[in-house]
Amino acid sequence: MTNREAVAYHEAGHAVISVKLGYPCLYVTIIPDGDRQGHVCCEDPLIRGHDDKIEHALKVLIAARLAEGRHVGSGEGWGGADDRVKETNLARLATDRDTERAEALLTEMVGEARKLVEKYW
């Protein structure tokens, strides 16, 4: 698999789970732009006034590396450093910077994102 294919699966992971959680997407691209190898433009779960907005945002972020990983054969793709930083920051925000609770939240969201990717892929 080429790097561009891996990026395509990664970005599609963001898009598919965004749509399945109710956040419309405008576009997905694998055209490099600055530091990004690809980009998806979907409605941001953090903007919409949904009760589960942080959990939804985490699932969308995590689903990308899981979708990519399913197709590169490792179970988890590289995940993108930017996505990993966002995941960590969101989990820490949701748990008032409690590292242990943030890790537990991330573990739970990985499990839920994995179920969504398996169901909708």
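For clarity, every value in this text was computed on a predicted model and none was experimentally measured.

The rules behind the values
Residues numbered from 1 in each chain as written. Predicted model: local features only at pLDDT ≥ 70, side-chain atom pairs only at ≥ 80, totals over all residues. Heavy atoms only, no water. Salt bridge = Lys/Arg side-chain N within 4 Å of Asp/Glu carboxyl O. Helix = DSSP H or I, 4+ residues; strand = E, 2+ residues; numbered from the N terminus. Buried < 20%, exposed > 50% of the residue type's maximum accessible area, 1.4 Å probe, protein only. Disulfide = S-S within 2.5 Å. Contact = heavy atoms within 4.5 Å.

Under the criterion given, the structure shown has four salt bridges. Note that Glu112 and Lys59 form a salt bridge whose closest N and O atoms lie 2.8 Å from each other. Of this pair, Glu112 sits in helix H4 (residues 99-120) while Lys59 sits in helix H2 (residues 53-72), placing them 53 residues apart in sequence. Note that Glu87 is salt-bridged to Arg65, the shortest N-O span being 2.7 Å. With Glu87 in helix H3 (residues 81-94) and Arg65 in helix H2, this residue pair connects regions lying 22 residues apart in the sequence. Arg65 matches Glu87 in its accessibility class, with the two residues each being buried.

Under the defined criterion, the tally for this structure stands at one disulfide. Residue pairing for Cys25: its cysteine sulfur links by disulfide to Cys42, the two sulfurs lying 1.9 Å apart. Across the S-S bond linking Cys25 and Cys42, the dihedral sits near 80 degrees, which makes this disulfide right-handed. On the criterion of sequence distance, the pair formed by Cys25 in strand S1 (residues 25-29) and Cys42 in strand S2 (residues 39-42) is long-range, its members being 17 residues apart. Of the cysteine sulfurs around Cys41, a residue in no disulfide, the closest is that of Cys42, at 6.9 Å. Given the relative accessible area of 23%, Cys41 is considered partly exposed.

Right, let's talk about the side chain of Thr95 for a bit. On the secondary structure map, Thr95 appears in the loop between H3 and H4. Contacts of Thr95, omitting those with residues within four sequence positions, involve Arg101, Ala102 and Leu105.

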